[in-house]
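What the coordinates show
This is what each chain is made of:
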Amino acid sequence: MTQIIQARKPVNAILFMILGAVFWFEALLCIRFGGESLFVDGNPWLLLLFVASIPVAGVLVKVSAVISKVDRADLFSAVAIMALTATLLDGVALTWFPGWYGLTRSGLLLAAAWLLWGVGVSLGVGYWASRSLDL
């Protein structure tokens, strides 16, 4: 029997790079305008911020999937492109433009940890969503 394989359209890398940059910029604004009170050594609210990142990552992955109309099979690749973009932008910003964050050195360390956590959670959510029945 002959099997017909339907060609899949490639993931729109430029769109996901733009979305990754937008999501990174939103995180930068959160740090800039709420960071002085949140990213402080010993702040018990940091745990809540890290936990709250999980549903936020779910919403961002869902929004990205809806905006781009990406297939479930390609969702993880799309999230990986967004995560890559956000991580690279954050590395550049933290190295050469730390003033953008408006934090002390110890605050920057906590903010960077939160951003890395968010990228990891997004990758986890993207992987899970690409495998599950519902996004």
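Remember, predicted model here, so these are calculated numbers, not experimental data. (Residues numbered from 1 in each chain as written. Predicted model: local features only at pLDDT ≥ 70, side-chain atom pairs only at ≥ 80, totals over all residues. Heavy atoms only, no water.)

Thoughts on the overall build of the protein chain
Operational definition: Where helices and strands are cited, they refer to DSSP runs of H or I of at least four residues and of E of at least two residues respectively, numbered from the N terminus. When a residue's accessible area, from a 1.4 Å probe over protein chains only, is under 20% of the maximum for its type it is buried; when over 50% it is exposed; and in between it is partly exposed. By definition in these notes, contact holds between two residues if any of their heavy atoms fall within 4.5 Å. The accessible surface values rely on the Shrake-Rupley method and a 1.4 Å probe; as for residues, cover is taken only from the protein chains in view.
The helix and strand inventory of the protein chain stands at 4 helices and 0 strands. When the helices and strands of the protein chain are placed in sequence order, the string is α-α-α-α. For the protein chain, the residues scored as buried account for 35% of the 135 residues in total. Long-range contacts, defined as pairs at least 24 residues apart, comprise 82% of the intrachain contacts of the protein chain with a sequence gap of at least 6. In the form shown here, the protein chain has an accessible surface area of approximately 8600 Å², with 72% of it arising from carbon and sulfur atoms.

Some thoughts on the environment of L60
With respect to the helices and strands, L60 occurs in helix 2 (residues 45-68). L60 sits 62 residues away from S122 along the chain, and the two C-alpha atoms are 8.2 Å apart. Discounting residues that sit within four places of it in the chain, L60 has contacts with F23 and E26.

Let's talk about the nonpolar core
This is how the line gets drawn: Only buried residues count toward a nonpolar core. Its members are Ala, Val, Leu, Ile, Met, Phe, Trp, Tyr and Cys residues joined through side-chain atoms within 4.5 Å.
W24, I31, F39, Y101, L103, W114 and L115 are the most contacted members of the largest nonpolar core, which totals 15 residues. Of all the secondary-structure elements, those providing two or more residues to this core are helix 1 (13-38), helix 2, helix 3 (72-96) and helix 4 (105-131). Those residues in contact with L103 that lie beyond four places of it in its chain are I31, G35, E36, F39, L108 and A111. Counting 14 residues, the second largest nonpolar core, distinct from the first, contains F16, F23, V70 and A129.

Some details on a nonpolar patch on the surface
Heads up, the rule is: Candidates for patches are residues over 30% relative accessible area with no salt bridge; among them, like charges are joined within 9 Å and nonpolar side chains (Val, Leu, Ile, Met, Phe, Trp, Tyr) within 5 Å. Salt bridge, as used here, is a side-chain nitrogen of Lys or Arg placed within 4 Å of a carboxyl oxygen of Asp or Glu.
Taken together, I14, M17, I18 and V22 make up a surface patch of nonpolar side chains, about 360 Å² in accessible area. Of the residues examined, I18 reaches a relative accessible area of 48% and is grouped as partly exposed.

Digging into the side chain of N43
Stated precisely, the cut-off is as follows: We call two N or O atoms a polar contact when they sit within 3.5 Å, provided that within protein one can donate a hydrogen and the other can accept it, with sequence-adjacent residues counted only if both atoms are side-chain atoms.
On the secondary structure map, N43 appears in the loop between helix 1 and helix 2. When its relative accessible area of 14% is taken as the criterion, N43 is described as buried. Polar side-chain contacts of N43 include one of 2.8 Å to the backbone oxygen of L38. At a separation of 2.9 Å, a polar atom in the side chain of N43 contacts the main-chain amide nitrogen of W45. Apart from residues no more than four positions distant in its own chain, N43 is found in contact with S37 and L38.

Points about the packing of aromatic side chains
Basically, it comes down to this: The aromatic pairing rule takes the rings of Phe, Tyr and Trp, using the six-membered ring of Trp, and pairs them if the centres are within 6.5 Å, calling planes under 30 degrees apart stacked, those over 60 edge-to-face and the rest tilted.
What the rule picks out here adds up to 4 aromatic pairs. Plain terms: the ring middles of F39 and W114 are 5.8 Å apart, the flat faces sit at 50° to each other, and that makes the pair tilted. Here F39, found in the loop between helix 1 and helix 2, pairs with W114, found in helix 4; they are 75 residues apart in sequence, far enough to count as distant. Each member of the pair, F39 as well as W114, carries the same accessibility label: buried. Taking 5.7 Å as the distance between ring centres and 85° as the angle between the ring planes, the aromatic pair formed by F76 and Y127 counts as edge-to-face. Taken together, the positions of F76 in helix 3 and Y127 in helix 4 put the pair 51 residues apart, joining distant regions of the chain. A residue is classified by how much of its surface remains accessible, and Y127, at 44% relative accessible area, is partly exposed.

Let's talk about the packing of helix 1 against helix 3
Note the cut-off: Working convention: axes come from line fits to C-alpha atoms, limited for helices to the stretch in contact. Angles between N-to-C directions cover 0 to 180 degrees. The labels follow the angle: roughly parallel below 35 degrees, roughly antiparallel above 145, roughly perpendicular from 65 to 115, and oblique for the rest. Two helices that cross are described as forming a left-handed crossing if the nearer one is turned anticlockwise from the farther one by less than a right angle, and a right-handed crossing if clockwise. For this scheme, ten residues count as nonpolar: Ala, Val, Leu, Ile, Met, Phe, Trp, Tyr, Cys and Pro. Four count as charged, namely Asp, Glu, Lys and Arg, and the remainder, Gly too, count as polar.
Interaxial distance between helix 1 and helix 3 falls to 8 Å at its minimum, and their mutual angle equals 50°. One element, helix 1, and the other, helix 3, form an angle in the oblique class. Note on packing geometry: the crossing formed by helix 1 with helix 3 is right-handed. Across the interface between the two elements, A13, F16, M17, L19, G20, A21, F23 and W24 from helix 1 touch A78, I81, M82, T85, A86, L89, D90 and A93 from helix 3. For the contact of helix 1 with helix 3, the class distribution of residues is 13 nonpolar, 2 polar and 1 charged.

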